[in-house]
Amino acid sequence: KVGMRNFHLIKHGKVIPAINVDRLWALVSEQTRQYYKDNTDKAPVIDVVKAGYMKVTGKGVLPEQPVIVKARYFTKEAEVKIKEAGGVCVLCA
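This report concerns the structure included in the present document. (Residues numbered from 1 in each chain as written. Predicted model: local features only at pLDDT ≥ 70, side-chain atom pairs only at ≥ 80, totals over all residues. Heavy atoms only, no water.)

1. Some words on the overall build of the chain
In step 1: Helix and strand content of the chain: three helices and six strands.
In step 2: Element order for the chain, N to C, with α for helix and β for strand: α-β-α-β-β-β-β-α-β.
In step 3: Here the C-alpha radius of gyration of the chain, 16 Å, is well above what a compact globule of 93 residues would show, namely 12 Å.
In step 4: Along the longest, intermediate and shortest principal axes, the C-alpha atoms of the chain span 60 × 25 × 20 Å.
In step 5: Counting over 93 residues, the chain shows a buried share of 26%. (Helix = DSSP H or I, 4+ residues; strand = E, 2+ residues; numbered from the N terminus. Rg over C-alpha atoms; globule rule 2.2 N^0.38 Å. Buried < 20%, exposed > 50% of the residue type's maximum accessible area, 1.4 Å probe, protein only.)

So, in structure tokens, the structure goes:
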């Protein structure tokens, strides 16, 4: 019956691993966070795709520290929270 609804069903084809905004800083070491807290002229680049995630969702709070986040997908809430903290969302293919 599966073929009648969806021809050639690939079960893992629609899985998108996601990470919440409040867990973004867990991908970087604590000393990196402290370094960029002191040097505010630069912002750290957090590549979510290298960590194994694709999507950034907007649950939780983000510290008031600018950050550059690279991911394939962003929810609207995540974009708003990252930009309010002074950061940038970069889309990667």
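2. A closer look at the sheet that holds strand β2 (residues 45–47)
What links the strands of a sheet is backbone hydrogen bonding, and the strands pair in either a parallel or an antiparallel sense.
In step 1: The strand order across the open sheet formed by three strands is β2-β4-β6, and the pairing between neighbours is parallel. Two strands close off the open sheet at either side, each with one partner strand: β2 and β6 (88–91). In this sheet, neighbouring strand axes are inclined to one another by 20° on average, regardless of whether the strands run parallel or antiparallel.
In step 2: Alignment of strand β4 (residues 68–71) against β6, held across four bridges, turns out to be parallel. What sits directly across from Val 69, in β6, is Cys 89. (Pairing = 2+ DSSP bridges. Axes fitted to C-alpha atoms, helices over the stretch in contact; angles between N-to-C directions.)

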